[in-house]
Amino acid sequence: MGKEAKKKDIFPVVGMSCVSCAARVGKVLNAVPGVSRADVNFASATVRVSYNPDECRPSDLKSAVRSAGYDLLTDASTEVVEQTKAKEYAELKR
């Protein structure tokens, strides 16, 4: 079956502070078995992932991103995402 994508999702990414961070997140996700493509958008702090759900789950993606020092919000509501971004911004502002 290989890396044939059957599903595409967009997930918020937490903890990226530069373009290099975004590149690292993309590299980590593209190495996950079952992922055919992961495109990180640093400006919107999101990643669009094309993957085969028979080979990997969103929890696998989250684990990979966490291992790189960031976080992937796989089951978050819009409100949770906004709260997380506001908290992150406040920390950076200090």
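Everything here concerns the structure above.
Below, the structure is looked at part by part.

Cut-offs used in this document
Residues numbered from 1 in each chain as written. Predicted model: local features only at pLDDT ≥ 70, side-chain atom pairs only at ≥ 80, totals over all residues. Heavy atoms only, no water. Helix = DSSP H or I, 4+ residues; strand = E, 2+ residues; numbered from the N terminus. Buried < 20%, exposed > 50% of the residue type's maximum accessible area, 1.4 Å probe, protein only. Contact = heavy atoms within 4.5 Å. Areas by Shrake-Rupley, 256 points an atom, 1.4 Å probe, with all protein chains shown as cover.

Some remarks on the overall build of the protein chain
In terms of helices and strands, the protein chain carries three helices and four strands. Starting at the N terminus, the α and β elements of the protein chain follow one another as β-α-β-β-α-β-α. Counting every position in the protein chain, which comprises 94 residues, the buried fraction comes to 36%. Long-range contacts, defined as pairs at least 24 residues apart, comprise 62% of the intrachain contacts of the protein chain with a sequence gap of at least 6. Total accessible area on the protein chain stands at roughly 5,800 Å², and carbon and sulfur atoms take up 50% of it.

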